Amino acid sequence: MDRTDPDAPVVRIGGDLAFTTAAPLRAEVDRLLAETPPAIVLDFADLLFIDSTGLSVIVHAWREGQQGGTAIRLRATPRFLETILDMTGVTGLLARPQPGDRADRSAASA
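Residues numbered from 1 in each chain as written. Predicted model: local features only at pLDDT ≥ 70, side-chain atom pairs only at ≥ 80, totals over all residues. Heavy atoms only, no water.

1. Topic: the pattern of salt bridges
For clarity, the cut-off: Salt bridges are defined as contacts in which a side-chain nitrogen from Lys or Arg sits within 4 Å of a carboxyl oxygen from Asp or Glu. A run of DSSP states H or I qualifies as a helix once it reaches four residues; a run of E qualifies as a strand once it reaches two. Both are numbered from the N-terminal end. When accessible area is computed with a 1.4 Å probe and restricted to protein chains, residues below 20% of their type maximum are described as buried, those above 50% as exposed, and intermediate ones as partly exposed.
Applying the stated criterion across every chain, the model contains five salt bridges. A salt bridge links R12 to D2; the shortest N-O distance between them is 3.6 Å. In this pair, R12 is assigned in strand β1 (residues 10-17) and D2 in the segment before β1, connecting sequence segments 10 residues apart. For R12, a relative accessible area of 48% translates into the label partly exposed.

2. Focus: helix α2 (residues 52-68)
Note the following rule: For a helix, the expected span equals 1.5 Å multiplied by the number of residues minus one. Contact criterion: two residues are considered in contact whenever any of their non-hydrogen atoms come within 4.5 Å of each other. Contacts described as polar in this section are N or O atom pairs within 3.5 Å, which, within protein, must combine one atom able to donate a hydrogen with one able to accept it, while residues neighboring in sequence count only if both atoms come from side chains.
Over its 17 residues, α2 runs 24 Å from end to end, which matches the ideal 24 Å to within 8%, given 1.5 Å per residue. Three or more residues of α2 are buried, namely G54, L55, V57, I58, H60, A61, W62, G65 and Q66. Where the residues of α2 are buried, they touch β1, α1 (22-34), β2 (39-50), β3 (71-75), α3 (79-88) and α4 (90-95). Its side-chain oxygen placed 2.9 Å from the backbone nitrogen of T53, D51 serves as the N-cap of α2.

3. A closer look at the sheet that holds β3
Rules: DSSP calls a pair of strands paired once it identifies at least 2 bridges connecting them. Inter-axis angles, ranging from 0 to 180 degrees, are taken between N-to-C directions of lines fitted to C-alpha atoms, where helices are fitted over the stretch in contact.
The three strands are arranged β1-β2-β3 in an open sheet whose pairing can be described as parallel. Each having just a single partner strand, β1 and β3 make up the two edges of the open sheet. Averaged over all adjacent pairs, the angle separating strand axes in this sheet is 30 degrees, with direction ignored. Judged from the seven bridges that link them, β1 and β2 form a sheet pairing that is parallel. Within the sheet, the bridge partner assigned to R12 lies in β2 and is D43. Taken strand by strand, α1 contacts β1, β2 and β3, and its axis lies near 165 degrees from that of β1.

These values are about where atoms sit, not about what they do.
In structure tokens form, the structure reads like this:
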């Protein structure tokens, strides 16, 4: 955990993010979301493997962040994770604007 920037704390994720290891990450994400920072950065530089449970933590973070106004940003995503995110549609999900963003307001007024 890196809180150098309080507006965008960084959670470093390494090793395997799978059924047996995803619960602590989800708890940490939920704890951070409760603080309602403008953004949370998930750093995957040291990720070796992810399964559907790990992927669900990313989606959960995005969904809860949308409700609370916290953007979820991914950093240092390995190629295999980029492929999984693209194939499952999560890349598009993460690209959606936050409710109340300038782009969101422009689309609503059009």
